[in-house]
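# Fold and geometry: a report
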Amino acid sequence: APPAAERSVSTEVLPAPRPTAADVRDGCAACLGTGGQRCARCQTANYCSRRCQRSHWPFHKLTCKGEAPEYRGRRGLVGLRNLGNTCFMNSMLQCLSNTQQLTEFFLSDRYKDDINRKNPLGMGGRLAEAYGDMLKAMWGDKYSVVCPSDLKDNIGKHAPQFAGYQQQDSQELMNFLLDGLHEDCNRVTDKPYREKVEGDGRPDEEVADLAWQSHLDRNQSEVLDIFGGQLRSEVHCDQCPKESITFDPFLSFSVPVPYNVTRQIIFTVYPYDGGVPTQYRPPLPIDGAIRDMKAWLQAEEGVEPDEVVMCPLLKNRLDDFFNDADPLTSIRSRDVCVGFRIPRAPALPEEAKDEETKDDGGKKRGVLGRAKDFLFGSSADNQRSRRHDHNHTGLIQIVFRKPVARSYSRADGALFGEPRVLSLFGTSGTHGVMPTNNQVHEAVWTVVHRLFSGDEWNAENAPYVLKVAPRGTFYESMEVPHDDELLSMGASPQFPVIVCDVTAENYRDYWDDAAYKACTHYSASESTKGRKTLTLKDCLNKAFEREQLAETDMWYCPDCKEHRTAFKKFDLWRLPEVLVVHMKRFQYRNAGYLNFVSRSKIDCQVDFPEELDLAEYALGPSDDRTRYELYAVSNHMGGMGGGHYTAYAKNFRNGKWYTFDDSHVSETSVTRVATPSAYVLFYKRMAKGEGGESKAVEDDSDAAARGGAGAATE
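Residues numbered from 1 in each chain as written. Predicted model: local features only at pLDDT ≥ 70, side-chain atom pairs only at ≥ 80, totals over all residues. Heavy atoms only, no water.

The next subject is the nonpolar core. Counting 54 residues, the largest nonpolar core has Phe 106, Tyr 131, Phe 227 and Phe 682 as the members making the most contacts within it. Broken down by element, the residue count for this core peaks at nine residues, all from helix H7 (residues 126–139). Residues in contact with Phe 106, not counting those within four places in the same chain, are Tyr 111, Ala 128, Tyr 131, Gly 132, Leu 135, Lys 136 and Leu 181. Of all hydrophobic cores here, the second largest spans 36 residues; its members include Leu 540, Leu 572, Phe 608 and Ala 674. (Core = buried A, V, L, I, M, F, W, Y, C linked by side-chain atoms within 4.5 Å. Buried < 20%, exposed > 50% of the residue type's maximum accessible area, 1.4 Å probe, protein only. Helix = DSSP H or I, 4+ residues; strand = E, 2+ residues; numbered from the N terminus. Contact = heavy atoms within 4.5 Å.)

Written out as structure tokens, the structure reads:
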């Protein structure tokens, strides 16, 4: 509580008339509620009750007695109060506040002459007024911290995603805010209808001017004058000569971060002839598929993709066979992945494919169809058969079983060792034809002979009893005889396995555990590879390269009358005065099962220059003004589930760089702004002939190490 002498003077509250609009906007200085009473002495602080005034007295007394420090010289160097997970908004507002052309437009009240209250796409001028009031508070000499609650309320009324207090994306807020300010200050009150302009064989200059004029017929504002640019879009059909060239306006544009995010997956490959297995640990793309694993194996070892099958290992048996299209995210970090070399079986003759028989339901089934039913069940009853490609049909796993004293499963036996894979069609020599029992005995012994010691064993006198059983229970196992009859799967042919029943004595005397030891490939012993440092130029090259559309984003070809996976390319045509570059650090990809979408963030270092030259990317007329100077950066620290936003910005009055972290503002250096957290970059266009060679933004440690030259590294 204040001393008695001070309390008698400074805490006296006079009843105030009905709160004015300014009082309501400023609110209670203590609780931010509606301020209905003013301090009797200074008449500047508003309070909703005497209790709030007493609680706020320690902070207000210096101002009230005329002893408060002056904030002159702090124009634009004020913090923004965090209203609850609103750091994303504060970060972007600080970047826009340091955009000189836009800020001067609002501080000079010129925006009031352009407010369009009849625009159905706008907000009746309320957003522009709230933004202008906030800028005046930030660039006045009255406050060190400003509360942007009025602006947030206006944004939330028209964009429900920003109405609450959940963490949002600063770039999405920027897009909405710029578009809202543009529509609120749009000088076109009656928008005429305009059709989209396409090339149709005309020169690009003519089409671009027509498209830009068509856009200006409906949109004219200070925001468009500052941030407005034009992109050239070229689409080519992949099936016919049709091409479409259009020119589209933009206020900001996004560039991908071409960072090759890799994941090292350990897997062991077993030769089909029973040789020594090899363990690998290659770096694979994190959003790749099983085919990428096979492609790496082909490049390293010369193994054809259809001569190896990849499987997840579940204890002592195989859980399934991976299909080539299965994503690598199907292999979890705790999973054990194995691969098996398999022989390539000759194709079934055409006349044999046409041979048909009827099953119990009267359905005609060929030889290949019956073989698939033996191994994987009827496709009508079992969707799993669709997962296997042509060469994987006819594979069956070999498991090892030994007797135990007490067992409640596996037909009084326990599985041990690592399973193997047998190709039935490779054993028979013809795709779609089942092998004989003797062929199965010979093939199984070839695959597993390394696992048993002793020279007295062979296919006819093996240290195990060969059986066929349904996968899962193994109760209805059936011994495979030594004859030339075709292999039979028994009464339950769905998902069979071959079981090698090993007696307790043979397991004790002849089973060789050392035979499981795999040789290590150099990839499994390498340490993690170093990361390549990316630059903003890499991101721009990726954004403007020619790419083919995915099947989920096909283009409708007017000549073919069908949707096509066309080729598309973007180019910069008309350069804006202020260039806003959004780096797409957040990734969304299919994670495998149930079409689950996995989200992640690319947090690698991207070096960007303090002076950026876009001469090589600008195709349209630029008046030789292709150089830009960095003046603000919006940062995101953390992952997808949360994080924190800050900003770096260069004050256009004193030319110094500052760090803006909600209500905290501190001076910094341009050498500190290039971090892995950089998310949105703001560049202003330099005058003709201004600037020199591009200067990379680097951190202090790198500058000291290289004598102030070079780019920042992660």
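That covers the picture; the talk isn't over yet.
What follows concerns the confidence of the model for the protein chain. Averaged over all residues, the pLDDT of the protein chain is 79; the fraction at 70 or higher stands at 76%. Taken as a whole, residues 1–25 scores under 50 in pLDDT and shows 43 contacts with residues more than four places along the chain or in a different chain. The low-confidence segment residues 407–412 (pLDDT under 50) makes 16 contacts with residues lying over four places distant or belonging to another chain. (pLDDT = per-residue confidence, 0-100.)

For the rest of this paragraph, the subject is the side chain of Thr 565. Locating Thr 565 in the fold gives a position in the loop between strand E27 (562–564) and strand E28 (567–574). Here the side chain of Thr 565 touches Asp 238 through a polar contact of 2.9 Å, side chain to side chain. Those residues in contact with Thr 565 that sit more than four places away from it in its chain are Asp 238, Gln 548, Leu 549, Ala 550, Glu 551 and Met 554. (Polar contact = N/O pair within 3.5 Å; in protein donor to acceptor, adjacent residues only side chain to side chain.)

Moving on: the packing of helix H5 (residues 100–107) against H7. Each pair of packed helices can be described by the angle between their axes along with the distance between the axes. Direction vectors running N to C along H5 and H7 enclose 100°, while the axes themselves pass 9 Å from each other. Taken as axis vectors, H5 and H7 run roughly perpendicular relative to one another. Judged by residue contacts, Leu 102, Thr 103, Phe 106 and Leu 107 of H5 engage Ala 128, Tyr 131, Gly 132, Leu 135, Lys 136 and Trp 139 from H7. Here the contact of H5 with H7 is built from residues that sort into seven nonpolar, two polar and one charged. (Axes fitted to C-alpha atoms, helices over the stretch in contact; angles between N-to-C directions. Parallel < 35°, antiparallel > 145°, perpendicular 65-115°, else oblique. Nonpolar A, V, L, I, M, F, W, Y, C, P; charged D, E, K, R; others polar.)

With mixed pairing, the six strands of this open sheet are ordered in space as E14-E13-E15-E10-E11-E23. The strands lining the two open edges of the sheet, one partner per strand, are strand E14 (317–318) and strand E23 (519–520). Here strand E10 (residues 267–270) runs beside strand E11 (residues 278–280); their pairing, made up of three bridges, is antiparallel. By the bridge assignment for E11, Val 269 is matched with Thr 278. (Pairing = 2+ DSSP bridges.)

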